[in-house]
Amino acid sequence: MLDPFTLSLVAICVLALLGLPIGHAMIASSILYLWMAGLDMGTAAEQILNGLYSGYLLLAVPMFILAAEIMNAGTMTERLLHFCNAVVGRFRGGLAQVNVLQSLIFAGMSGSAIADAAGTGRMMQKLMTKDDKYPASYAAALTAATAVIGPIIPPSIPLVIYALVSDASIGFLFIAGIVPGFLLAVGLMGVVAIDARRKNFPVEEPVPLRKLPGLTFRALPALMLPVVLLVGIRGGVMTPTEAAGVAAGYALLISVVIYRSVTLSQFYSALLNSGRTTASIGMLLAGAMVFNYVVTVENIPNALSAMLTATDLTPTQFLILVNILLLLLGCVLEGTTILLVIVPVLIPTAQALGIDMVHFGVMAVLNIMLGLITPPYGLLLFIMTRIAEVPLRDIVRDVMPFLFVMFGALAIVTFVPDAVLLLPRLLGYQG
Amino acid sequence: MLERMRPLAGWLYRRGENLIVIMIGVMFAAFLLQVIFRYVLNWPTGWSNELTVVLWIWIVLFGAAFIVREEEEIRFDLVYGAVPPRVRRAMALLSAAALIGLYAYSFPAVYDYVTFMKVQKTAYLKIRFDWLFSIYVIFVIAVIARYLWIAWDALTASTSEGFDPTKASSGV
């Protein structure tokens, strides 16, 4: 007879394999655990309700999604694309470079890779494949790769979730994401530049430089959002949760007042979509809350920490192992699930080995986001297959060079903590 | 009988959507007011803090129970999406049975916990916790009902939709 914990682990795997939503699979298996261990089954309700009630930080999730929805509804996206085109369109492979630059800028607003791919990604795909400028599969692969930058650069929903499970400061996590985000962008731009020469990609009609100040000015309100957020959070003007609300408010304000572009019905569907996504992510959070309770009752994270520290593992070896583990899991599991269930188990060991929690968080999130474009099971690849209407294997072939440089960025983030922690330390982070 | 209920169900679903929109909208407004009140008017904002948390619980549980569509659920779809419809129906039936069994078996304990919470009230708005948490009881009942329907659907195989991975998950 299996002990209750093993039984509940088996139950989660079986139920998830059978296709039950992962949140429900975790709740059901935790109930099974409580039952078998002879504990009060009302604990499941208690953990979920109290977890949601005290998880104030999580309220940032619906608000960041709302901000992205509002921006995708208005013409803010278009203006920013004009701006990007004026800056990098003049180079060979101009539109492809625009794709990278826009993701860097939009990353400062949405905090969700899926929202980026479905919103601005869809638009980039259309632009790049118009008049057969770029092969559809190349455009799709690039769009999937650039969408990854979104949740690395602040604001970032995955970093909010990591802050919740690790108690690391969300403000410093956000700031720590900036350098890795730029690393990704520079790497991708490098690949695009090489491809552009090799495959002779078209140049966009150059926008006269004298028009650049005007275009910058028109895009400025949108460009300023990340600055407003970071200054607000770091300056103590608002909590990160409030900042998410302010981001949505700011997006609404400039869309309606300055750009005059969001209609009432668009606002309604932005609210509704935010509610839908919130509920389906919230279910996952709820499941993780009960299941993490079970894991804690069984003392798994500390047992693992004791076991691993006893083997004289160096921090570097541990980080390599974590990266491999997360990449393998990323091939089969959805990112939020890994962040909520697997990462908390690893945190005590990381702490025992003296690894900085902010560094660990940025590394873990970057790794999990790369899982979104790593074949065979990458959600962003699936989404782009659908948007671009090209076979998955063509996108997979074209995404490989991008993936390669992005793994390079992951290696830098893993082995050079100072690169990640540079900006936070400049702003007063003691770590 | 079932056919005649379809327009009613659609009507109820749209009202449910309205409710979610109102809740997200109020939460949004509360965040903005909170920042404005604190810095511009220097008023205490504990109540709005609490209001947003209350709305958050209701949005998640109400939304998960009534609004999120099957294809929007976050699931592990590598196997589920690859098998033929007949196998998928068998899988749906099995997992629904397990879920219904466990949720139903734990229901009395859940009900006890929620009703027991009547002894406490929230700090600012003085909402009794059993009222606040009652959405969980509603959630469990709705989920059981939903999976009874899914199981019935799998048995009778009235719908056999194709699988669409882009709608499969709504991760971040």
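The model shown is predicted, which means the values in this text are computed figures rather than measured ones.

S.K.: I'm lost on the overall build of chain B in this one. Help?
M.R.: Secondary structure assignment for chain B yields six helices and zero strands. Listing each helix as α and each strand as β along chain B from the N terminus yields α-α-α-α-α-α. Within chain B, the proportion of its 172 residues that are buried is 48%. Sequence-distant contacts in chain B: of pairs separated by 6 or more residues, those separated by 24 or more amount to 74%.

S.K.: Quick question: what am I supposed to make of the overall build of chain A here?
M.R.: Of the regular secondary structure elements, chain A holds 22 helices and zero strands. Dimensions along the principal axes, computed over C-alpha positions, put chain A at roughly 75 × 45 × 45 Å. Per-residue burial over chain A gives 63% buried out of 431 residues. Within chain A, contacts between residues at least 6 apart in sequence are counted, and of these 79% link residues at least 24 apart. Charge centroids of chain A, computed over 20 positive and 21 negative side chains, lie 18 Å from each other.

S.K.: I tried to follow the confidence of the model for chain B on my own but got confused; where do I start?
M.R.: Caution is warranted with low-pLDDT regions, since their predicted coordinates should not be read in detail. Residues and elements named next belong to chain B. For chain B, mean pLDDT is 87; residues scoring 70 or higher make up 90% of the total. No element of chain B has a lower mean pLDDT than helix α6 (residues 165-168), at 46, and none a higher one than helix α4 (residues 85-116), at 95. Predicted confidence is poor over residues 165-172, with pLDDT under 50, and the contacts of this stretch with residues over four places away or in other chains come to 40 contacts.

S.K.: How do you make sense of the domain arrangement of chain B when you look at a structure like this?
M.R.: How large an interface is tends to be reported as the accessible area lost when its parts come together. Residues and elements named next belong to chain B. Split into domains, chain B comes out as domain 1 (1-68) and domain 2 (75-161). The interface is formed by 13 residues belonging to domain 1 together with 16 residues belonging to domain 2. Roughly 1,300 Å² is buried in total at the junction of domain 1 and domain 2, and carbon and sulfur atoms are behind 75% of that figure. Three residues, E50, W58 and L61, lead the burial of domain 1 against domain 2; their summed loss comes to 41% of the area buried on that side. Where domain 1 meets domain 2, there are zero salt bridges. Taken together, domain 1 and domain 2 are joined by eight residue pairs in polar contact (both at pLDDT 80 or more).

S.K.: Which parts of the structure should I look at to understand the nonpolar core?
M.R.: Within soluble globular proteins, side chains that are nonpolar generally end up buried alongside one another. Y162(A), F318(A), F360(A), L380(A), F402(A) and Y136(B) are the most contacted members of the largest nonpolar core, which has 223 residues in total. If we skip the residues at most four places from it in the chain, Y162(A) touches D167(A), A168(A), L173(A), L339(A), V343(A), I347(A), M357(A), F360(A), G361(A) and V365(A).

S.K.: Explain the pattern of salt bridges to me, please; I cannot follow it from the model alone.
M.R.: Here the idea is simple: oppositely charged side chains can pair when their charged atoms come close. Considering all chains together, one arrives at twelve salt bridges over all chains under this definition. Across the pair R276(A) and E17(B) runs a salt bridge, and its minimum N-O distance is 2.7 Å. In this pair, R276(A) is assigned in helix α15 (residues 264-297) and E17(B) in helix α1 (residues 2-41), connecting two distinct chains. What makes R276(A) buried here is its relative accessible area of 8%. Taking the relative accessible area as the measure of exposure, E17(B) reaches 11% and is therefore buried. It is possible to trace a salt-bridge network through shared partners that takes in R276(A), E17(B), R69(B) and E72(B).

S.K.: Explain empty space enclosed by the protein here, please?
M.R.: Using a probe with the size of a water molecule, rolled over the atoms, empty space left in the structure can be pinpointed. Residues and elements named next belong to chain A. Following the criterion strictly, the structure yields six cavities of 30 Å³ or more and no others. In this structure, the largest cavity spans a volume of roughly 90 Å³. Every residue lining the largest cavity is counted, twelve residues in all, and those nearest its centre are L333, E334, G335, L372 and L379. Of the residues in the lining of the largest cavity, the class split is six nonpolar, five polar and one charged.

S.K.: Just to check I follow, could you spell out the interface of chain B and chain A for this structure?
M.R.: If you look at the interface, chain B gives 66 residues, while chain A gives 74 residues. Carbon and sulfur atoms supply 74% of the area buried between chain B and chain A, which totals about 6,400 Å² over both sides. Here chain B is connected to chain A by three salt bridges. Elements that contribute at least two residues to the side of chain B that touches chain A include exactly α1, α2 (46-67), α3 (77-80), α4, α5 (129-156) and α6 of chain B. No other element matches the 15 residues that α1(B) contributes to the side of chain B that touches chain A.

S.K.: Please clarify how the side chain of S29(A) should be interpreted in this entry.
M.R.: Residue and element names in this part refer to chain A. Residue position: S29 is located in helix α2 (residues 22-36). Judged by its relative accessible area of 0%, S29 is buried. What S29 contacts, discounting residues up to four positions off in sequence, is S8, A11, I12 and L15.

About the cut-offs
The numbers attached to residues start from 1 for each chain and follow its sequence in the written order. Chain letters start at A and ligand numbers start at 1, both assigned in the order the entries are written. The model is predicted, so local features are restricted to residues of pLDDT at least 70 and side-chain atom pairs to those at 80 or more, both for listing and for counting; the totals for chains, interfaces and linings are taken over all residues. Excluded from the side-chain calculations are hydrogens and water; all other atoms, namely the structure's heavy atoms, are used. A run of H or I in DSSP becomes a helix once it reaches four residues, and a run of E becomes a strand once it reaches two; helices and strands are each numbered from the N terminus. The buried label goes to any residue with under 20% of its type's maximum accessible area, the exposed label to any with over 50%, and the partly exposed label to all in between, with areas taken from a 1.4 Å probe on protein chains only. Only heavy atoms matter for contacts: two residues are in contact if any of them lie within 4.5 Å across the pair. Counting rule applied: Lys, Arg positive; Asp, Glu negative; His and chain ends not counted. Note on charges: their place is set at NZ of Lys, CZ of Arg, CG of Asp or CD of Glu. Per-residue confidence from the predictor is reported as pLDDT, a score between 0 and 100. Note that domain bounds follow an automatic or database assignment of domains. Buried area, as used here, totals the accessible surface that two parts lose on assembly, with accessibility defined by a 1.4 Å probe and the loss added over both. A carboxyl oxygen of Asp or Glu within 4 Å of a side-chain nitrogen of Lys or Arg is what we treat as a salt bridge. Any pair of nitrogen or oxygen atoms within 3.5 Å is treated as a polar contact; in protein, a donor-acceptor pairing is required on top of that, and neighbouring residues in sequence qualify only through side-chain atoms on both sides. Only buried residues count toward a nonpolar core, which is a set of Ala, Val, Leu, Ile, Met, Phe, Trp, Tyr and Cys residues joined through side-chain atoms within 4.5 Å. Buried and open spaces are told apart on a 1 Å grid over the protein atoms alone, a cavity being a set of points where a 1.4 Å probe fits but cannot get out and a pocket being an open set with protein on both sides within 12 Å along at least five of seven lines. Residues with an atom within 4 Å of a point are the lining residues. Grid points are joined across faces, edges and corners, and a volume is the space filled by probe spheres set on the points. Each residue is assigned to one of three groups, with Ala, Val, Leu, Ile, Met, Phe, Trp, Tyr, Cys and Pro labelled nonpolar, Asp, Glu, Lys and Arg labelled charged, and all others, Gly among them, labelled polar.

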